[in-house]
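Below, each chain spelled out in residue letters.
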Amino acid sequence: GKPLQFSRSKSKELIAYLVDKRGTSVNSSELILNLWEDKDVNSSSRSMLHNLLADIKKTLASKKIDESCLIIKGFNSFQLNTEEVDCDYFRFLNGDVQVINTFTGEYMNNYEWAMFTASTLENMFNV
């Protein structure tokens, strides 16, 4: 019932990116290119991604939540476990009238990579 506080702002963004992908698998290169648009995919950027994943794991563990409940990891792939996540975006896509009626066109405004989804949502319901 309370927002999690991560020690790195990019940790929150990584989870937001996985929410935006709605459970589809993404690889580390895609995450790096979207979270750090100015970085190349190399050992340094992979280390930065590893640090975010460690921060997420640590934050979840502090609340007695197993990381695997939220993020499903594969060989160089990550996806959100949508069965364990309740959010307005998913409710919106599932046709929840209350959520749809309160949608004002704002969707993850902090993140440039979310602009396409925001535009799609606006067009779906002519906001």
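Structure: above.
Residues numbered from 1 in each chain as written. Predicted model: local features only at pLDDT ≥ 70, side-chain atom pairs only at ≥ 80, totals over all residues. Heavy atoms only, no water.

Asker: Just checking my understanding: could you explain the pattern of salt bridges for this structure?
Answerer: When charged atoms on two side chains of opposite charge get close, those side chains can pair. Counting across every chain of the model gives five salt bridges. Among the salt bridges present, the one from Glu-13 reaches Lys-10, with a minimum N-O distance of 3.0 Å. With Glu-13 and Lys-10 both in helix α1 (residues 9-20), this residue pair falls three residues apart, about one helical turn. Judged by its relative accessible area of 8%, Glu-13 is buried. (Salt bridge = Lys/Arg side-chain N within 4 Å of Asp/Glu carboxyl O. Helix = DSSP H or I, 4+ residues; strand = E, 2+ residues; numbered from the N terminus. Buried < 20%, exposed > 50% of the residue type's maximum accessible area, 1.4 Å probe, protein only.)

Asker: Just to check I follow, could you spell out the state of the cysteines for this structure?
Answerer: Note on terminology: a disulfide is the covalent bond linking the sulfur atoms of two cysteines. A full pass over the atoms with the stated rule returns zero disulfides. Here Cys-69 stays free of any disulfide, with the sulfur of Cys-87 as its closest cysteine sulfur at 16 Å. (Disulfide = S-S within 2.5 Å.)

Asker: Where do I start with the environment of Ala-54 in this structure?
Answerer: Mapped onto the secondary structure, Ala-54 falls in helix α3 (residues 43-62). For Ala-54, a relative accessible area of 38% puts it in the partly exposed group. Note: C-alpha distance between Ala-54 and Glu-67 (13 residues apart in sequence) is 9.7 Å.

Asker: Help me understand the nonpolar core in this model?
Answerer: One broad rule of soluble globular proteins: the nonpolar side chains tend to lie buried together. Residues Leu-14, Leu-18 and Leu-31 are the most contacted members of the largest nonpolar core, which totals 35 residues. Those elements giving two or more residues to this core turn out to be α1, α2 (28-35), α3, β2 (77-80), α4 (88-93), α5 (97-102) and α6 (115-125). Dropping the residues within four chain positions of it, Leu-31 is found in contact with Tyr-17, Leu-18, Val-26, Trp-36, Leu-49 and Phe-78. (Core = buried A, V, L, I, M, F, W, Y, C linked by side-chain atoms within 4.5 Å. Contact = heavy atoms within 4.5 Å.)

Asker: Got a minute to help me understand the packing of aromatic side chains in this structure?
Answerer: Aromatic ring pairs: the centre-centre distance and the angle between the two ring planes describe each pair. A complete count under the given rule lists five aromatic pairs for this structure. Both rings, one in Tyr-89 and one in Phe-90, keep their centres 5.9 Å apart while their planes meet at 35°; by these two values the pair is tilted. Residue Tyr-89 shares its accessibility class with Phe-90, and that shared class is buried. Members of the aromatic cluster, connected to one another through ring pairs, are Tyr-17, Tyr-111 and Trp-113. (Phe/Tyr/Trp six-rings, centres within 6.5 Å; stacked < 30°, edge-to-face > 60°.)

Asker: Where do I start with α3 in this structure?
Answerer: Along an α-helix, residues three or four positions apart point the same way, because every turn accommodates 3.6 residues. Given a rise of 1.5 Å per residue, 20 residues ought to cover 28 Å, and the 28 Å separating the end C-alpha atoms of α3 matches this to within 8%. Buried residues of α3: Ser-45, Leu-49, Leu-52, Leu-53, Asp-55, Ile-56, Thr-59 and Leu-60, and no others. Down the axis, α3 shows its buried residues gathered within 150° of arc, on one side only. The exposed residues of α3 that point more than 90 degrees off its buried face are Ser-43, His-50 and Lys-58. Taken together, the buried residues of α3 touch α1, α2, β1 (71-74) and β2. (Expected span 1.5 Å × (residues − 1). Arc of directions from axis to C-beta.)

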